[in-house]
Amino acid sequence: MTRIIIAIDGYSSTGKGTFAVEIARRLGILYLDSGALYRTVTLYALRHGQIEWNGEILYRQLQEDILLGKIDIAVQPKEDGSMRVFLDGEDVSGKIRELEVARNVSAIATLPFVRNFVDEQLHRLGAGGCVMDGRDIGTAVFPNADLKIFMTADAEIRAQRRVKQMEEAGQHPNFEEILKNVQERDYIDSHRAMNPLRQAEDALVLDNSHMTVEDQMVWLDGILRERFNIKLL
Ligand code: DC
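Not measured: the values here are computed from a predicted model.

Draft legend 1. Region of interest: a negative patch on the surface. Side chains of D154, E156, E176 and D207 sit close together on the surface and give a patch of like negative charge. As for its position among the elements, E156 is in helix α7 (residues 155-168).

Written out as structure tokens, the structure is:
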């Protein structure tokens with residue numbers, strides 16, 4: 001197994017997950033979805049009634065449980081390169097995508113003790129080599145990653161991609177609304193107090209506005225061959 005650590009950061013809806021899963025599958029390394037870990041902590045807090053009031057006292061209970069090591073998170077790679085996540089032994093990969101989790105995860109992801117906990121988990125799970133995606137991987141979680149990639153694409157193109165995905169799922173989204181949401185998320189992600197989204201100085205920028213997944217693989221293959229003597233294709 002290749003012991004390389006690849007950190008992928010970038011704006012929402014730039015296809016970080018798709019890109020990272022494809023790399024994991026082709027290189028046979030572990031894919032770690034840091035957002036999924038924030039979602040798993042959120043699910044734990046929801047299940048233990050620790051979010052209901054959004055009050056400090058409830059968050060204190062979550063903090064205590066984290067400190068006492070009560071949240072048991074494990075991951076397992078799937079055949080296609082993606083990741084399965086377990087909470088206290090239960091496969092929660094589907095549950096963490098539900099609306100209730102999505103509604104609460106941003107708030108939970110701003111809590112410093114949650115960020116520290118997720119960082120520890122990512123280090124524990126990924127130290128032996130992995131490709132990881134998120135918002136602060138190359139800047140805060142693995143500042144010594146072997147390769148850092150910062151993904152971006154035109155907001156309008158990202159909004160079009162989201163609209164297409166939603167239409168395929170049988171929904172009828174409004175393009176202007178989706179575009180506004182993309183722009184708002186960009187702002188929130190890059191203005192958060194702790195570990196905001198920003199490009200690491202040594203990150204390579206990948207603007208995939210006009211690239212297919214295969215184009216992105218060709219781009220990465222060139223870099224991996226040149227820098228690490230690793231072939232992706
Ligand atoms: O990528 P996602 O939608 O699964 O992320 C879920 C939430 O976690 C989202 O609010 C952004 C946040 N997140 C974060 O703050 N830092 C990361 N490294 C990854 C995700």
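Continuing now.
Draft legend 2. Local environment of the side chain of T14. One can find T14 in the loop between β1 (5-10) and α1 (16-27). Residue classification places T14 among the buried positions, given a relative accessible area of 1%. At 2.7 Å, the side chain of T14 and the backbone oxygen of Y11 are in polar contact. Sequence-distant contacts of T14, defined by excluding residues within four places in its chain, comprise M151, T152, A153, R158, R161 and N208.

Draft legend 3. Spotlight on the site of the ligand. Residues in close proximity to the ligand total 13 residues, the closest being S34, R39, R115, D136 and R192. Residue S34 places a side-chain N or O atom 3.0 Å away from a nitrogen atom belonging to the ligand. Within the complex, 87% of the 450 Å² of free accessible area of the ligand lies under protein. Elements with a minimum of two residues in the shell around the ligand: α2 (34-47) and α4 (99-108).

Draft legend 4. Broad picture of the pairing of β1. Of all six residues in β1, six are buried; the element is thus mostly enclosed. Burial along β1 is two-sided: I5, A7 and D9 facing one way and I6, I8 and G10 facing the other are all buried. As defined by bridge partners, β1 adjoins strand β6 (residues 130-134) across five bridges and the pair is classed as parallel. When the bridges of β6 are listed, I8 appears paired with D133.

Draft legend 5. Layout of the pattern of salt bridges. What the rule picks out here adds up to 16 salt bridges. Measuring nitrogen to oxygen at the nearest pair gives 3.1 Å for the salt bridge that ties R97 to D33. Of this pair, R97 sits in the loop between β5 (90-91) and α4 while D33 sits in strand β2 (residues 30-33), and the two are 64 residues apart along the sequence. For R97, a relative accessible area of 46% corresponds to the partly exposed category. Across the salt bridge formed by D202 and K148, the nearest N and O atoms sit 3.1 Å from each other. Placement of the pair is D202 in the loop between α8 (175-191) and β8 (204-207) and K148 in strand β7 (residues 147-152), with a sequence separation of 54 residues. One network of salt bridges, in which partners are shared, links E22, R25, R26 and E214.

Conventions adopted
- Position numbers for residues count from 1 along each chain, tracking the sequence in the order it is written.
- With the structure being a predicted model, the display of local features is reserved for residues of pLDDT at least 70 and the display and counting of side-chain atom pairs for 80 or more, all residues being used for whole-chain, interface and lining totals.
- Here the side-chain values reflect all heavy atoms present in the structure, with hydrogen atoms and water set aside.
- Here a patch means residues that are over 30% exposed by relative accessible area and free of salt bridges, tied together within 9 Å if like-charged and within 5 Å if nonpolar (Val, Leu, Ile, Met, Phe, Trp, Tyr).
- The protein chains shown are the only cover counted for residues, whose accessible areas, like all others here, come from Shrake-Rupley with a 1.4 Å probe.
- For this analysis, a salt bridge means a side-chain nitrogen from Lys or Arg found within 4 Å of a carboxyl oxygen belonging to Asp or Glu.
- Only four residue types enter the charge count, namely Lys and Arg as positive and Asp and Glu as negative; His and the chain termini do not.
- Every charge is mapped onto a representative atom, which is NZ of Lys, CZ of Arg, CG of Asp or CD of Glu.
- Each helix corresponds to a stretch of at least 4 residues labelled H or I by DSSP, and each strand to a stretch of at least 2 residues labelled E; elements are numbered beginning at the N terminus.
- Only protein chains enter the area calculation, which uses a 1.4 Å probe; residues under 20% of their type maximum are buried, those over 50% are exposed, and those in between are partly exposed.
- Any N or O atom pair separated by 3.5 Å or less is treated as a polar contact, with the protein-specific requirement of one donor-capable and one acceptor-capable atom, and with residues adjacent in sequence counted only for side-chain atom pairs.
- In this description, contact between two residues means that some pair of their heavy atoms is separated by no more than 4.5 Å.
- Whether a residue is near a molecule or strand depends on its heavy atoms: it is near if one of them lies within 4 Å of it.
- Should DSSP find at least two bridges between two strands, the strands are regarded as paired.

Interpretation in functional terms is not warranted from these geometric data alone.
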